[in-house]
Amino acid sequence: MEVRIESSWKNALADEFGKPYFESLVRFLHQEKAEGKKIFPPGSQIFRAFDLTPLDQVKVVILGQDPYHGLGQAHGLSFSVPEGVPAPPSLKNIFKEIESDLGVKMSGYPNLENWARQGVLLLNAVLTVRSGEAASHSKIGWEEFTDAVIRCISDNTQGVVFLLWGNFARSKRDLIDRSRHHVLEAAHPSPLARGAFFGCRHFSQTNDLLTSQGRSPIDWKL
């Protein structure tokens, strides 16, 4: 099956694209479109996170659950929205924590592609969603695919910092070889967590872990 995705990921994940679950997933998406359902993000952006952060450049993984389901919000990167779209509440809280942690002033610019280009894989566990229906494409096969992505990073790279926010992301910790990588856990940045995310200091901790390996830190300021 031909999948348009950055070449290093395409090679590393080649076995996944031919598996029955992935073929079933593609059939499901085609059927949704045939029925006139609106799916986010647009087809060309479903694998945007991979296109911006090749496998050998991954330094950090921020795991989200599924794409934003509002018009114009999802563009293939977890927690990110395109410029011109207001930052969602979780992203606003992420920015507040960065300001507190690093003592910088964030612009509020909601497009996180600059992080992705520095090696931050902004990965949602589910890569598509039906318009207006949160979690509508969970359990169709995406979780199996993105679990394979996490295992691929764990097995083929070294010293990656995984940021697991909230119970869903934390449930993926056993996919990661913690003798090779770093796992930082915190509450979800959603306002529903009632501020429990604040004070995690994951952004300074991530940079400390990267620099201790001789790798360049992430410039989190936008």
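Conventions used here
- Throughout this description, residue numbers start from 1 for each chain and increase along the sequence as written.
- Only residues with pLDDT of 70 or above have their local features reported here, since the model is predicted, and side-chain atom pairs are shown and tallied only from 80 upward, although totals for entire chains, interfaces and linings are computed over all residues.
- Water and hydrogen atoms play no part in the side-chain values, which are based on all heavy atoms of the structure.
- Only runs of H or I of at least four residues qualify as helices and only runs of E of at least two qualify as strands under DSSP, and these elements are numbered from the N terminus.
- Given the number of residues in a helix, its expected span is that number minus one, multiplied by 1.5 Å.
- The buried label applies to any residue whose accessible area, calculated with a 1.4 Å probe on protein chains only, is under 20% of its type's maximum; exposed applies above 50%, and partly exposed to all values in between.
- Under this definition, polar contacts are N or O atom pairs within 3.5 Å; protein pairs additionally need one hydrogen-donor-capable and one acceptor-capable atom, and for neighbouring residues in sequence, both atoms have to be side-chain atoms.
- Residue contacts are defined here by distance: any two heavy atoms, one from each residue, within 4.5 Å place the two residues in contact.
- Convention adopted: a line fitted to C-alpha atoms gives each axis, helices being fitted over their contacting stretch, and angles between N-to-C directions are expressed from 0 to 180 degrees.
- Each angle gets one of four labels, with under 35 degrees taken as roughly parallel, over 145 as roughly antiparallel, 65 to 115 as roughly perpendicular, and the rest as oblique.
- Residue polarity is assigned by list, with Asp, Glu, Lys and Arg as charged and Ala, Val, Leu, Ile, Met, Phe, Trp, Tyr, Cys and Pro as nonpolar; anything else, Gly included, falls into the polar class.
- For this analysis, a ring pair means two rings from Phe, Tyr or Trp (six-membered ring only for Trp) whose centres lie within 6.5 Å, classed as stacked if their planes differ by under 30 degrees, edge-to-face if by over 60, and tilted for the remaining angles.
- Put simply, buried Ala, Val, Leu, Ile, Met, Phe, Trp, Tyr and Cys residues joined by side-chain atoms within 4.5 Å make one nonpolar core.

Participant: Please give an account of helix α7 (residues 142-156) that cites residues and values.
Facilitator: The end-to-end C-alpha separation of α7 is 21 Å, in line with the 21 Å expected for 15 residues at 1.5 Å each. When you tally the buried positions in α7, you get 11 out of 15 residues, the bulk of the element. Inspection of α7 places Trp 142, Glu 143, Phe 145, Thr 146, Asp 147, Ala 148, Val 149, Ile 150, Cys 152, Ile 153 and Ser 154 among the buried residues, and these make up the whole buried set.

Participant: Please give an account of the environment of Gly 166 that cites residues and values.
Facilitator: Along the chain, the position of Gly 166 falls in helix α8 (residues 166-170). The exposure class assigned to Gly 166 is buried, which follows from its relative accessible area of 9%.

Participant: Summarise the side chain of Lys 172; cite the residues concerned and give the values.
Facilitator: For Lys 172, the location among the structural elements is in the loop between α8 and β6 (182-186). Reaching out from Lys 172, the side chain makes a polar contact with the side chain of Asp 147 at a distance of 2.8 Å. Lys 172 has contacts with Leu 63, Asp 147 and Ile 150, leaving out every residue within four places of it along the chain.

Participant: Before we move on, could you go through the packing of helix α5 (residues 89-102) against helix α9 (residues 202-212) and cite the residues and values that matter?
Facilitator: Two numbers describe how α5 lies on α9: the axes approach to 8 Å, and their chain directions differ by 60°. As judged from the angle between their axes, α5 and α9 are oblique. Side by side, α5 and α9 meet where Ile 94, Glu 97, Ile 98, Asp 101 and Leu 102 of the first sit next to His 202, Phe 203 and Ser 204 of the second. Split into classes, the residues belonging to the contact of α5 with α9 amount to four nonpolar, two polar and two charged.

Participant: Before we move on, could you go through the packing of aromatic side chains and cite the residues and values that matter?
Facilitator: Aromatic rings in a pair are described by how distant their centres are and how their planes are angled relative to each other. Under the counting rule described, the total for this entry stands at 17 aromatic pairs. Aromatic side chains Trp 165 and Phe 197 sit 5.1 Å apart centroid to centroid with 75° between the ring planes, which places their arrangement in the edge-to-face category. With Trp 165 in strand β5 (residues 161-165) and Phe 197 in the loop between β6 and α9, this pair connects stretches of sequence that are 32 residues apart. With respect to burial, Trp 165 and Phe 197 carry one shared label: buried. Taken together, the ring pairs connect Trp 9, Phe 17, Tyr 21, Phe 22, Phe 47, Phe 50, Trp 142 and Phe 145 into an aromatic cluster.

Participant: Could you give me a rundown of unusual backbone geometry, with the residues and numbers involved?
Facilitator: What you tend to see is this: most non-glycine residues have negative phi, and most peptide bonds are trans. In the segment running from Phe 40 into Pro 41, the intervening peptide bond is cis, with an omega of -10°. The backbone of Ala 135 sits at a positive phi, close to 65°, despite the residue not being glycine. Within the secondary structure layout, Ala 135 lies in the loop between β4 (129-130) and α7. Residues other than glycine seldom take positive phi values, yet Arg 194 does so here, at roughly 55°. Mapped onto the secondary structure, Arg 194 falls in the loop between β6 and α9.

Participant: Tell me about the nonpolar core, residues and numbers included.
Facilitator: Within the largest apolar cluster, 67 residues are counted, with the highest numbers of intra-cluster contacts made by Trp 9, Trp 115, Trp 142 and Phe 145. Here this core gets six residues from one element, more than from any other, and that element is α7. When near neighbours in sequence (up to four residues on either side) are disregarded, Phe 145 contacts Leu 13, Glu 16, Phe 17, Tyr 21, Phe 22, Phe 47, Phe 50 and Leu 127.

Participant: Describe in detail the environment of Gln 205, supporting the description with residues and values.
Facilitator: Topologically, Gln 205 is positioned in helix α9. We classify Gln 205 as partly exposed; its relative accessible area is 32%. Each C-alpha atom, one on Gln 205 and one on Asp 101, is 9.3 Å from the other, the two residues being 104 residues apart in sequence. Once residues within four sequence positions are removed from consideration, Gln 205 is found in contact with Leu 184 and Cys 200. Within the structure, Gln 205 has its side chain in polar contact with the backbone oxygen of Cys 200 (distance 2.8 Å).

Participant: Tell me about the side chain of Ser 154, and please be specific about residues and values.
Facilitator: Within the secondary structure, Ser 154 is located in helix α7. Taking the relative accessible area as the measure of exposure, Ser 154 reaches 1% and is therefore buried. Excluding residues within four positions of it along the chain, Ser 154 makes contact with Leu 175, Ile 176, Asp 177, Arg 180 and His 181.

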